[in-house]
Amino acid sequence: MPIVESNDVTESNEVSDVTTTAATTTAPAPAVFVLEDGRIFRGTSYGATGTALGEAVFATGMTGYQETITDPSYARQLVVQTAPHIGNTGVNKEDAESWRIWVAGYIVRDAARRPSNWRSERSLDAELAEQGIVGIQGVDTRAITRHLREHKTMRAGIFSGDAARAADRELVEAVLASAPMEGSRLAEEVSVDKAYTVEPKDWGWDGEPVFSIAAIDLGIKRMTPVRFAERGVRVHVLPATATLADVQAVNPDGFFMSNGPGDPATADNQVKLLRSVLDEKIPYFGICFGNQILGRALGFGTYKLRYGHRGINQPVLDRRTGKVEITSQNHGFAVDAPLDGATQAPEERFGRVEVSHISLNDEVVEGLSCLDIPAFSVQYHPEAAAGPHDAAYLFDRFIELMADTASATKTATDSKTEDTK
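Given the structure is predicted, the values throughout are model-derived calculations rather than measurements.

Visitor: What's the story with the state of the cysteines in this structure? I'm lost.
Guide: Cysteine pairs can be linked by a disulfide, which is a covalent bond between their two sulfur atoms. Scanning the model with the defined rule gives zero disulfides in all. Cys288 forms no disulfide, and the closest cysteine sulfur to it belongs to Cys370, at a distance of 18 Å. Take Cys288: its relative accessible area is 1%, and that puts it in the buried class.

This is the structure we're talking about:
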């Protein structure tokens, strides 16, 4: 039987922003948040009214809600914000991490009545409504988060307006009929259709690019190629469907795979591409989904976490330096690899590999480092949008890897030339 939660948490949200639509300036409609195990939370609508189905997850960031909802890695997920006050600073064009909102639905406790920030261009409520994102406010997000932690992430639905008036049993059945995240192939859905290039000169770099890389967009965040460009690296962003020929066509000094949504077990095409790149000895750097793809390319498996890591306060140990980083993360799957010491990759031609970073919360693999080929990856987001800057050094580490590889290649070529004289 459905379990209904009482929620006397907050008053209704009456937004007075001049850019809001008529729908958002009237009293919010009733809304319910329904989990697949029958737990129901009642509140009022936030953003668009209607129905949103997806996987319920919680994000622990105290700030950066605009970057969160525009992160393509949240595709087909209903995001619960653990921070109680959301929308205080409104939204603007500069802070979006992609061209649209990607969360399937949005769950908040106390929505701001109106934004108050000099950079604000409109209210979050109005932005959600314009993009058709169904949300709910006035629910106990602390109780929801504890429930998901104790049980697991699960399918869920937000129903508002007329949809919220259906019988509880019908709402639970609608949730149970929705697709699970396991087995979902989503990177191609969020990726760009056409390649584009991010130039260093457009981001403050004075002089010629020091390197160029091919970056596969599996759900890339806007700030990632910017962080490379700021360091003098030209970034050729390619679609998720790119082939080895597409990569070779831009003659890259390095190869990068981004974050992205979905189950890494479905990324067979990207795993095949990465193996081809590794065979070519092109230096590789991957983050998040790109870390899981490296794990698979090396022959390791992946698995679904109980409730994932999402937020900007996740502690990670860098085993190379012994330092602890506070990181930005958003993933529900992880690589299944031996934690201690170097080990032979199951795909033996790639040599030895070691787990370079681990989570200090649950010892989940947070990074891989190949010892015999130029490749490494991390499970978190070093671009820090939003988030701490502890991991920014990873961009510099990749540049050093490309430089070392180029130097070694030149030395080998020069030696071969001398031998033929």
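Additional details are given in the paragraphs that follow.
Visitor: I tried to follow the packing of aromatic side chains on my own but got confused; where do I start?
Guide: How two aromatic rings sit relative to each other is set out by the distance from centre to centre and by the angle between their planes. Here the structure, examined in full by the defined rule, presents 13 aromatic pairs. Residues Trp99 and Trp102 carry aromatic rings whose centres are separated by 6.0 Å and whose planes lie at 85° to one another, so their mutual orientation is edge-to-face. Ring plane angle 45° and centroid distance 5.5 Å describe the contact between Phe285 and Phe398, whose orientation is recorded as tilted. Separated by 113 residues along the polypeptide, Phe285 in strand E15 (residues 284-287) and Phe398 in helix H11 (residues 393-420) bring together distant segments of the chain. Accessibility expressed as a relative area gives 0% for Phe398, which makes it buried. Three or more aromatic residues joined by ring pairs make a cluster, and in this case those are Phe228, Phe256, Phe285, Phe376, Phe395 and Phe398. Over the aromatic face of Trp102 sits the side chain of Arg100, whose NZ or CZ is 3.9 Å from the ring centroid. One Lys or Arg, Lys304, reaches over the ring of Phe333 and ends 5.6 Å from the middle of that ring.

Visitor: Please clarify how the side chain of His309 should be interpreted in this entry.
Guide: Structurally, the position occupied by His309 is in strand E16 (residues 301-318). A polar contact of 3.2 Å, which involves the side chain of His309, links it to the side chain of Glu366. Discounting chain neighbours no more than four positions away, the residues touching His309 are Gln314, Gln329, Asn330, His331, Ser359, Asp362, Val364 and Glu366.

Visitor: Is there a simple way to explain the pattern of salt bridges in this structure?
Guide: A complete count under the given rule lists 21 salt bridges for this structure. In this structure, Arg119 and Asp95 form a salt bridge, with 2.9 Å as the shortest nitrogen-oxygen distance. Linking Arg119 in the loop between strand E8 (110-111) and helix H3 (124-130) with Asp95 in the loop between strand E6 (85-86) and strand E7 (105-107), this pair joins segments that are 24 residues apart in sequence. With its nearest N and O atoms 2.9 Å apart, the salt bridge here joins Arg231 to Asp396. Of this pair, Arg231 sits in the loop between helix H7 (223-229) and strand E13 (233-238) while Asp396 sits in helix H11, and the two are 165 residues apart along the sequence.

Visitor: Help me out: how do you make sense of the packing of helix H9 (residues 268-279) against helix H10 (residues 289-297) in this one?
Guide: When two helices pack together, their arrangement is given by the angle between the helix axes and by the axis-to-axis distance. For the pair H9 and H10, the least separation of the axes is 9 Å and the interaxial angle reads 70°. Accordingly, the angle class assigned to the pair H9 and H10 is roughly perpendicular. Here Asp268, Gln270, Val271, Leu274, Arg275 and Leu278 of H9 come into contact with H10, specifically with Ile293, Leu294, Arg296 and Ala297. Classifying every residue of the contact of H9 with H10 by side-chain character gives six nonpolar, one polar and three charged.

Visitor: What exactly am I supposed to notice about unusual backbone geometry here?
Guide: Across residues other than glycine, the phi torsion is negative in most instances, and most of the peptide bonds are trans. Each neighbour pair has its own omega, and for Ala385 with Ala386 the value is -10°, a cis peptide bond. Considering the arrangement of structural elements, one finds Ala386 in the loop between strand E21 (375-378) and H11. With a phi angle near 60°, Arg76 is a residue other than glycine that sits in the positive phi range. Mapped onto the secondary structure, Arg76 falls in the loop between helix H2 (65-69) and strand E5 (77-81). In this structure Arg76 comes out as partly exposed when scored by relative accessible area, which is 29%.

Rules behind the numbers
- Residues numbered from 1 in each chain as written.
- Predicted model: local features only at pLDDT ≥ 70, side-chain atom pairs only at ≥ 80, totals over all residues.
- Heavy atoms only, no water.
- Disulfide = S-S within 2.5 Å.
- Buried < 20%, exposed > 50% of the residue type's maximum accessible area, 1.4 Å probe, protein only.
- Phe/Tyr/Trp six-rings, centres within 6.5 Å; stacked < 30°, edge-to-face > 60°.
- Helix = DSSP H or I, 4+ residues; strand = E, 2+ residues; numbered from the N terminus.
- Lys NZ or Arg CZ within 6 Å of the ring centre and 35° of its normal.
- Polar contact = N/O pair within 3.5 Å; in protein donor to acceptor, adjacent residues only side chain to side chain.
- Contact = heavy atoms within 4.5 Å.
- Salt bridge = Lys/Arg side-chain N within 4 Å of Asp/Glu carboxyl O.
- Axes fitted to C-alpha atoms, helices over the stretch in contact; angles between N-to-C directions.
- Parallel < 35°, antiparallel > 145°, perpendicular 65-115°, else oblique.
- Nonpolar A, V, L, I, M, F, W, Y, C, P; charged D, E, K, R; others polar.

In short, geometric facts, not functional conclusions.
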